[in-house]
Every structure is written in structure tokens, then in C-alpha cells.
Amino acid sequence: MAAEKVRVRFAPSPTGPLHMGGVRTALYNYLFAKQQGGDFILRIEDTDQTRFVPGAEQYIIDSLKWCGIVPDEGQGFGGNYGPYRQSERKEMYRQYAMQLIENGHAYYAFDSAEDLDRVRQMAKDAGSPNWQYNHVTRNSMKNSLTLSSAEVQKRIDAGEPYVIRIKLNRNEEVKFEDIVRGWVSVNTNNMDDKVLFKSDGMPTYHLANIVDDHLMEISHVIRGEEWLPSAPLHVLLYRYLGWEDSMPQFAHLPLLLKPDGNGKLSKRDGDRLGFPVFPLEWHNPESGEVFSGYRENGYFAPAFVNMLAFLGWNPGTEQEIFSLSELVEAFSLKKVNKAGARYDHDKTRWFNQQYLRLLDDETLAELFTSYASEQGQEISVEKALAIASLMKERAYFIKDLWEESQFFFGGVEEYDEKTLRKKWNEEARTHVAKLRSIFSNIEDFTSANTEAAFKSYLSENELGFGKVGPGFRLALTGKGMGPSLFDICAILGKEASLKRLDQALEKLP
Ligand code: GLU
């Protein structure tokens, strides 16, 4: 039976930046906790000192904060079950390893790295490349099962390095029910006697993870599928430590796959596939290499989170746009897929576009003004509003608004070559010249007024829009395509619009 209150943890190892698959694991933990009125905890699993990377822990915290999936408790957030960094809990683990030895479920092993290499090589030479320390091989190794207790004591007293290994029974079925995968059953004959406690005085991941989940009263372990093979060992550890009654429920999440479906999307994919695999930009402190992040690429955090939620889960309805609180409401571990989830970058861009469209014009204008200001262009609120609402439909990112609206700032420096070739001729020149003089008589230069004038010019001369529009647009903006000409005129204002038409008449052949 699981503990009553829902308490889940996200337990990354600070071995580098958090990959987007890790963010998804955190997200599913968060959604489940919030839906059940439970707590979401951040625990830093840093027992492997050799893989520690400076800055990684802060990166993890910053990423969760950016996504809005903020822990209730844990490293950097406080709480009553701390410390939340395993390296600071070091002293707690040994007693449990000792308890397992006393109960006959673990043993000391004195085999050196060279000893192990030697037996592995011998096995390989004899045709079995996958040698394991297990219920058969342990009988011919240097451990407290084969050495006398006096000999064991002597070695320990002499300070000889040792590890503590779990002692698995032969031919025992280990079964548990996973929320995502259903019943999982593994025979101990296919498992090895994993190290629980290392010679450096630190627990391994397996022991620390179980002890901490127990002490922190974790009710559900929601983590990536790569940990599924370790779960039977974890179930046995709960049993052997006498904690089976409060063992958490497991839910192993499907892998995130590369866009072509070929294999896991990994940290090493970096920017190689044409998109970021990290939420935030990461500067590798050792190599100086920089990896791009979704945040720096102009993604809105809610769009990124929405996209991630759908990598492995869907609500079973047509709805795709979900705010974080809507996700909390709709999420269900039971609806998480077993099959790996393929990452689709176009879909990610699509989500961002949808979120951009959802912004009200004021907010969009504000984001646009500050982006433009970073690029050295100050824009009035009024102009920003007009441009933002005009260009909104064409943009995926704020930077698109900026890039696509360059023709509003300064003058026209270049004319689109193809349009020039295909649409600019004597006739186009005549229309532009005539419209220039008509427009110069419009007093109130609104989009409605320029449009009316333009249209009556077309109908008086029995012309279609296609005859006049492209040349006029080229003269006004230098481009072959874009939003409404009359909205553009209104934003530019009368003086600037006429000036551009004059310039085109003068410069173009
Ligand atoms: N420290 C493990 C990791 O880095 C945690 C696995 C688990 O959640 O049990 O993914």
C-alpha cells in the first residue's frame, strides 16, 4: 500500500544540463502531484562524484523555474525532509547497507578492479562476453560469502577497500505493477548482485534512491523508461529493508525519440539535429562549448511546456492548447503511452505560433518593443501596436515580427528582384504615379480611406487588383509579399508613404 499523501520527486543527477526529456519527467511529476493535491520535490542525486559538473544543479533549478514547474520542496526550495542533496545525506546510508548485511541480503566484496577485469576477460575468452557478479559467480569471488568471518574482519580492520553488494536469491520471480506498463516480472536469474555501497563510502544510486524515497515518504516514482530495468532491484530492496508496505507505485515514462524515430534523443544530440535539446542555453564549463536553449531561441515557456506534455501523453480529445493549470486538470498517468514519443520540431514551432497568436495585442506590442529596443530600434507604443497586430498572423516568434517588419523602419534600400523583373514595367509605373497623386489628396490617411481611393481607381479603370497591387507594393515596401497595403500606408503615414512612391518612381527603371 502506498503512503496516503501524494509525494513525488524529480531526482536528476547534476552531470550536465537538463535535457528536455528530463524536463518532461519533471513536468509529469508536477502535473500528477498538483492534480492529486500532493507535493512535488526536487532531489539532487549526486552520489557519483566523478560525474559532478559545476553549474548543473543551478541549471536544473533555473530550468524548472523558467517552465513554471516549481517544486514545493527540495534542493533550493526548503522543506522538512532535507537535506535534499544526496552528498549531504552521506552518513544516512551506511546503516541500511549494514542492516542488509545483518539480515543476509547483502555481503562485503573485496574484489579489486583488476580481479574483476581478469574474470571478465577469462569469461570473454571462454565465449561468454557478459560476465556478471551473480548468484553463481559470487561463489568463486573474494567476498564475505566465500571468506571466513575472521578473514573478513581482518581485511576490514586492515582498511582494505570493499564494496557492499546485494545478495539476490536464485530463480526468484520479482513482480510489480507499473502504472504505465502494467505487470512487470523479472527472474533474479537475469539480474546481478549490484553494488549498493561503494569503496569511497558513498552509496550507489540504487541504495540512495530507495533510502531517500522511503525517508522522504515518496508515494509515486515517475521516471524515464531507462530506469525500468532497475525497478525489480528496487522492489527487492524495499522488501529486504522491510519497507514493502509503503513502497511507492512506479510509473515508467516512454523514451523521447529522435525525429526519425531512430533511437533515443540524447544530450549528445546537442544542436546537431537542427534544434535545441536543452530548455536553456548551456555553457559547458570545461570545454567552453555553448549549446542552444529553447528560451534563447525565442520560445515561450508555456508553449514549450505544452509541447512537452504531448510527448508521451494526450488527453484523448482534439484539444491541443493547454495552459499549465489546464494540463494539471487533464493529465492522467493512465493515459501515458508505452511507446516511445518522437520529437517533432515543426510541431514545437507550431505550438509557439499558437501561443503568439493567443497574446493580446498590448502584450505582443510590449514584447515587440523590448525586442526592437535590444536591436537598437526604439518604437512608439502606438506604432508597435499597429505593427504587432498587423504582422501577428505571420509570426512564430517575436523575432519574426522584427525581421518581417524591417521595411517600416528607415526607407526602402532594396527592391525584390523577382517582383521587379516580373511586375515592374511602364504600366506599373503609370499606375503608381497616378495613385501617388490620388493619395496626396487624401486628408485623413487611414487604411479605410486609402483602400477606398485605391479601389475606386481600380474600378474606374476596369482593372483587377493583380494588375496594380504588386507594383504598388514593390514601390511602397520593396517586397513581393506582405500584409495589407493600406494598413502599411496607415502605419507609415502620408508623408513617408508618398516619399517611398516618389523614390521608387525615381530609382526603378
Ligand atoms: N538520478 C536518476 C536520474 O538521473 C534518478 C532516477 C529515478 O528517478 O529514480 O535520472
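You'll find the structure just up there.
Residues numbered from 1 in each chain as written. Predicted model: local features only at pLDDT ≥ 70, side-chain atom pairs only at ≥ 80, totals over all residues. Heavy atoms only, no water.

### Here's the deal with the environment of Ser292
With respect to the element layout, Ser292 can be found in the loop between β13 (290-291) and α8 (301-309). It is 26 Å that separates the C-alpha atoms of Ser292 and Glu393, two residues lying 101 residues apart in sequence. Each residue touching Ser292, except ones within four places of it in the same chain, is listed here: Asp271, Pro276, Phe278, Leu280, Glu281 and Asn297. (Helix = DSSP H or I, 4+ residues; strand = E, 2+ residues; numbered from the N terminus. Contact = heavy atoms within 4.5 Å.)

### Some details on a positive patch on the surface
The grouping of Lys418, Arg421, Lys422, Lys423 and Lys467 at the surface amounts to a positive patch. Per element, the largest residue contribution to the positive patch is four residues, and it comes from helix α14 (residues 417-423). Relative to the helices and strands, Lys418 is located in helix α14. (Patch = residues over 30% accessible without salt bridge, like charges linked within 9 Å, V, L, I, M, F, W, Y side chains within 5 Å. Areas by Shrake-Rupley, 256 points an atom, 1.4 Å probe, with all protein chains shown as cover. Salt bridge = Lys/Arg side-chain N within 4 Å of Asp/Glu carboxyl O. Lys, Arg positive; Asp, Glu negative; His and termini not counted. Charge placed at Lys NZ, Arg CZ, Asp CG, Glu CD.)

### Describing the sheet that holds strand β4 (residues 106-109)
Strand order in this open sheet of three strands is β4-β5-β8, and the pairing throughout is antiparallel. The open sheet is flanked by β4 and β8 (195-197), the only strands paired with a single partner. Strand after strand, the sheet turns through a mean of 45 degrees between neighbouring axes, direction not considered. Bridge analysis of strand β5 (residues 163-166) against β8 gives two bridges, and the strand direction is antiparallel. Counterpart to Ile164 in the pairing with β8 is Phe197. (Pairing = 2+ DSSP bridges. Axes fitted to C-alpha atoms, helices over the stretch in contact; angles between N-to-C directions.)

### With respect to the side chain of Asp46
Position of Asp46 relative to the elements: it lies in the loop between β2 (39-42) and α2 (56-67). Of the side chains with opposite charge, Arg85 comes closest to the buried, unpaired Asp46, at an N-O distance of 4.8 Å. (Buried < 20%, exposed > 50% of the residue type's maximum accessible area, 1.4 Å probe, protein only.)

### Some words on the nonpolar core
Membership of the largest hydrophobic core comes to 108 residues, with the highest contact counts inside it found for Met20, Tyr28, Phe304, Phe408, Phe439 and Phe472. Element by element, the count of residues in this core is highest for helix α1 (residues 20-35), at nine residues. The residues touching Phe408, leaving out its near neighbours within four places in the chain, are Lys383, Ile387, Leu390, Met391, Ile488, Ile491, Leu492 and Arg500. Residues Ile101, Tyr162, Leu207 and Phe250 belong to the second largest nonpolar core, which totals 41 residues. (Core = buried A, V, L, I, M, F, W, Y, C linked by side-chain atoms within 4.5 Å.)

### Considering the site of the ligand
Near the ligand the following residues occur: Arg9, Ala11, Pro12, Ser13, Glu45, Tyr205, Asn209, Arg223 and Trp227. A distance of 2.8 Å separates a nitrogen atom of the ligand from a polar backbone atom of Ala11. Glu45 has a polar side-chain atom sitting 2.6 Å from a nitrogen atom of the ligand. Protein chains shield 84% of the accessible area of the ligand, which is 300 Å² for the free molecule. Residue composition of the shell around the ligand, by class: four nonpolar, two polar and three charged. (Near = heavy atom within 4 Å. Polar contact = N/O pair within 3.5 Å; in protein donor to acceptor, adjacent residues only side chain to side chain. Nonpolar A, V, L, I, M, F, W, Y, C, P; charged D, E, K, R; others polar.)

### A word on the pairing of strand β10 (residues 249-253)
The buried count for β10 comes to four of five residues, which makes it a mostly enclosed element. Two strands pair when backbone bridges link them, and strand β9 (residues 220-224) and β10 are joined in this way by five bridges, in the parallel orientation. From the neighbouring strand, Gly224 faces β10, where its bridge partner is Leu253. In this fold, the crossover linking β9 to β10 by way of helix α7 (residues 231-240) has right-handed handedness. (Right-handed = clockwise from strand over helix to strand, strands pointing away.)

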